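Architecture and fold: a report
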Amino acid sequence: MTPEQFASESGIHPDSLADYQIWAQQLRKWNKTINLVAPKSLPDFWSRHALDSAQIVPHIPDNTKTIADFGSGAGFPALSIAIAAKYDAPDRTVHMLESAGKKASFLKSVSRETGVKTVIHAKRIEAVDPLEANVITARAFAPLHRLLPMAARHLMPEGQLVLLKGERVDEEIQEAERDWTFEAEKLSSFSDEGGSILILRNLHSVSRET
């Protein structure tokens, strides 16, 4: 997939392609010394990484002001969301939670070069003060039963999670429902045949008698 094909298929803002190209260049440079993504996946940046991340953007509610992305790593999908916000929602802030210091430095570098509005938290999620996020995102971060306790601490009561999930999504939902109630909407990924976009709303912990 070429950058131009990605721009056409993803529906990104026309002016944002240059920001994606900066991101791709930085990723190739930094990946030589930091394990950000599997080296074999770099030639597929536009289809495997950029398109996969960009597809999440339309599912972010228009009134969203604060987004928290867990385990941001190389910026998927957080940087896609931040790049989109630069052109269409300039008062939106994307918080990237990445405990690995070198990866956090990469995220800061790309944010600076692209001029997107982000806050990088180079610490563990449980060590970050509650962010009162409208939306929490994550890609390949953790199964739901581990992710939801962390999300509940940072999510506004009326907030939602928008997650990129793999083939085990149904198993994850079933396991998470032992301790949580939520409304789940599962959408097919158009970049990963076995993947899904999972949207969770009305998240509540199940009270258990002791």
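Spanning 14 residues, helix H5 (residues 101–114) covers 20 Å between terminal C-alpha atoms, matching the ideal 20 Å at 1.5 Å per step. Among all positions of H5, only Ala104, Phe106, Leu107, Ser109, Val110, Ser111 and Thr114 are buried. Where H5 is buried, its residues touch helix H2 (17–30), helix H4 (78–88), strand S2 (93–97) and strand S3 (118–121). Downstream of H5 by one or two residues, Gly115 has phi in the positive range, about 70°.

For the rest of this paragraph, the subject is the nonpolar core. Counting 39 residues, the largest nonpolar core has Phe6, Tyr20, Trp23, Leu27, Phe45, Trp46 and Phe106 as its most contacted members. For Trp46, the residues in contact, after removing those within four places along its chain, are Met1, Thr2, Pro3, Phe6, Leu17, Tyr20, Gln21, Ala24 and Leu51. Core analysis: the next-biggest nonpolar cluster, separate from the first, contains 25 residues, Ala68, Ile125, Leu148 and Leu200 among them.

To locate leftover empty space, one rolls a probe as large as a water molecule over the atoms. The space that makes up the largest pocket amounts to roughly 730 Å³. Around the largest pocket, the lining is made up of 35 residues, and of these Gly71, Phe76, Arg139, Ala140 and Phe141 lie nearest the centre. Those elements that place two or more of their residues in the lining of the largest pocket are helix H3 (45–54), helix H6 (144–154) and strand S5 (155–165). By residue number, the principal contributor to the lining of the largest pocket is H3, which donates four residues. Residue composition of the lining of the largest pocket, by class: eleven nonpolar, 13 polar and eleven charged. If you add up the space inside the second largest pocket, you get close to 300 Å³. Lining the second largest pocket are 18 residues, with Val57, Pro58, Ala84, Ala85 and Asp88 positioned closest to its centre. Element by element, the count of residues in the lining of the second largest pocket is highest for H4, at five residues. Along the lines of polarity and charge, the residues of the lining of the second largest pocket split into ten nonpolar, five polar and three charged.

Looking at where Pro58 falls in the secondary structure, it is placed in the loop between H3 and strand S1 (66–70). Separated by 26 residues in the primary sequence, Pro58 and Ala84 have C-alpha atoms spaced 9.6 Å apart.

What follows is about the packing of aromatic side chains. Two aromatic rings, taken as a pair, are described by how far apart their centres are and by the angle between their planes. Inspection of the entire model under this criterion finds nine aromatic pairs. With 6.2 Å between their ring centres and 55° between their planes, Phe45 and Phe76 make a pair best called tilted. With Phe45 in helix H3 and Phe76 in the loop between S1 and H4, this residue pair connects regions lying 31 residues apart in the sequence. This pair shows no difference in class: Phe45 is buried, exactly as Phe76 is. Three or more aromatic residues link up through ring pairs in this structure, and these residues are Phe6, Tyr20, Trp23, Phe45, Trp46 and Phe76.

Bridging between S5 and strand S7 (residues 196–205) involves six bridges; their strand directions are antiparallel. By the bridge assignment for S7, Leu163 is matched with Leu198. Pairing of strand S6 (residues 180–188) with S7, which is carried by eight bridges, proceeds in the antiparallel orientation. Each bridged residue has a counterpart across the sheet, and for Glu183 the counterpart in S7 is Arg201.

The strand order across the open sheet formed by seven strands is S3-S2-S1-S4-S5-S7-S6, and the pairing between neighbours is mixed. In the strand order of this sheet, the two ends are held by S3 and S6, each with one partner. Pairwise comparison of adjacent strand axes, ignoring direction, gives a mean angle of 20° for this sheet. The strands that H4 touches are S1, S2, S3 and strand S4 (133–139); relative to S2, the one it contacts most, it runs at about 165°. Against the sheet, helix H7 (residues 169–176) touches S5, S6 and S7, its axis set at about 170° to S6.

Basis of the calculations
Residues numbered from 1 in each chain as written. Predicted model: local features only at pLDDT ≥ 70, side-chain atom pairs only at ≥ 80, totals over all residues. Heavy atoms only, no water. Helix = DSSP H or I, 4+ residues; strand = E, 2+ residues; numbered from the N terminus. Expected span 1.5 Å × (residues − 1). Buried < 20%, exposed > 50% of the residue type's maximum accessible area, 1.4 Å probe, protein only. Contact = heavy atoms within 4.5 Å. Core = buried A, V, L, I, M, F, W, Y, C linked by side-chain atoms within 4.5 Å. 1 Å grid on protein atoms, 1.4 Å probe; cavity = no way out; pocket = protein on both sides within 12 Å on 5 of 7 lines; lining within 4 Å. Points joined across faces, edges and corners; volume = space filled by probe spheres on them. Nonpolar A, V, L, I, M, F, W, Y, C, P; charged D, E, K, R; others polar. Phe/Tyr/Trp six-rings, centres within 6.5 Å; stacked < 30°, edge-to-face > 60°. Pairing = 2+ DSSP bridges. Axes fitted to C-alpha atoms, helices over the stretch in contact; angles between N-to-C directions.

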